[in-house]
Amino acid sequence: MGKVMISVYQNKNDKTTAYNKWYGRVKQGLEIKADVLCQHAAQDSGIEEAHVAMVFDGVLKQIKEQLCNGHPIKVEGLGTFKVGISSEGWSVENFQKRPGYKEGEDPRKWCSAQQVKSCRLLYRPSEDIKTMLREIKFEQV
């Protein structure tokens, strides 16, 4: 396993409790693009790079489509991806003021897509990834 390089920096934001404290930060390597991943996968597997790229593109298209339809995607050895949202909260008093509200109705009936403020991609790593992360060695640059 390789090593993750870290650099050290001092927090200069005087509006936080972290002010003037020193921290480690991962020194990011070069970004690896999908075509380079496909090249490496082709070399590792002995499959032609063009075929790896076609399969990769197809899988990526399906992942996006299934996420957009609300399905979590579990990639064995990597983890699970799903869509999460932030939504506006409503109190029971808000529900009671809405036209058409009937006493005793379940407030969930009045929750709607208009309450969604934003969405994001959530990732839960697999046990393999968690183990890998625990075993990473760090080195200061």
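The present account deals with the structure reproduced in this document. Owing to the predicted nature of the structure, the values given are computational and were not obtained by experimental measurement.

The rules behind each value
Residues numbered from 1 in each chain as written. Predicted model: local features only at pLDDT ≥ 70, side-chain atom pairs only at ≥ 80, totals over all residues. Heavy atoms only, no water. Pairing = 2+ DSSP bridges. Helix = DSSP H or I, 4+ residues; strand = E, 2+ residues; numbered from the N terminus. Axes fitted to C-alpha atoms, helices over the stretch in contact; angles between N-to-C directions. Phe/Tyr/Trp six-rings, centres within 6.5 Å; stacked < 30°, edge-to-face > 60°. Buried < 20%, exposed > 50% of the residue type's maximum accessible area, 1.4 Å probe, protein only. Salt bridge = Lys/Arg side-chain N within 4 Å of Asp/Glu carboxyl O. Disulfide = S-S within 2.5 Å.

## Examining the sheet that holds strand β5 (residues 116–125)
Pairing is antiparallel in the open sheet, where 3 strands are placed in the order β3-β4-β5. Whereas interior strands pair on both sides, the edge strands pair on one side only; in this sheet they are β3 (73–75) and β5. On average, adjacent strands in this sheet sit at an angle of 25° to one another, irrespective of strand direction. Pairing of β3 with strand β4 (residues 79–87) involves 3 bridges; the strand directions are antiparallel.

## Some points on the packing of aromatic side chains
Inspection of every chain in the model, using the stated rule, returns 2 aromatic pairs. Measuring from centroid to centroid gives 4.9 Å for F81 and Y123, while their planes differ by 35°, and the two rings are tilted. Separated by 42 residues along the polypeptide, F81 in strand β4 and Y123 in strand β5 bring together distant segments of the chain. By relative accessible area, Y123 is classed as partly exposed at 39%.

## Some words on the pattern of salt bridges
Once the charged atoms of two side chains with opposite charge are near each other, the side chains can pair. Counted by the stated rule, this structure contains 3 salt bridges. Among the ionic pairs, E139 bridges to K3, the shortest N-O distance being 3.1 Å. Remark: K3 occurs in strand β1 (residues 3–10) and E139 occurs in strand β6 (residues 137–140); sequence separation between them is 136 residues. By relative accessible area, E139 is classed as partly exposed at 33%.

## Some words on the state of the cysteines
Using the criterion set out here, one finds 0 disulfides in the structure. For C68, which is in no disulfide, the shortest distance to another cysteine sulfur is to C119 and amounts to 8.3 Å. C68 gets classed as exposed once you look at its relative accessible area, which sits at 70%.

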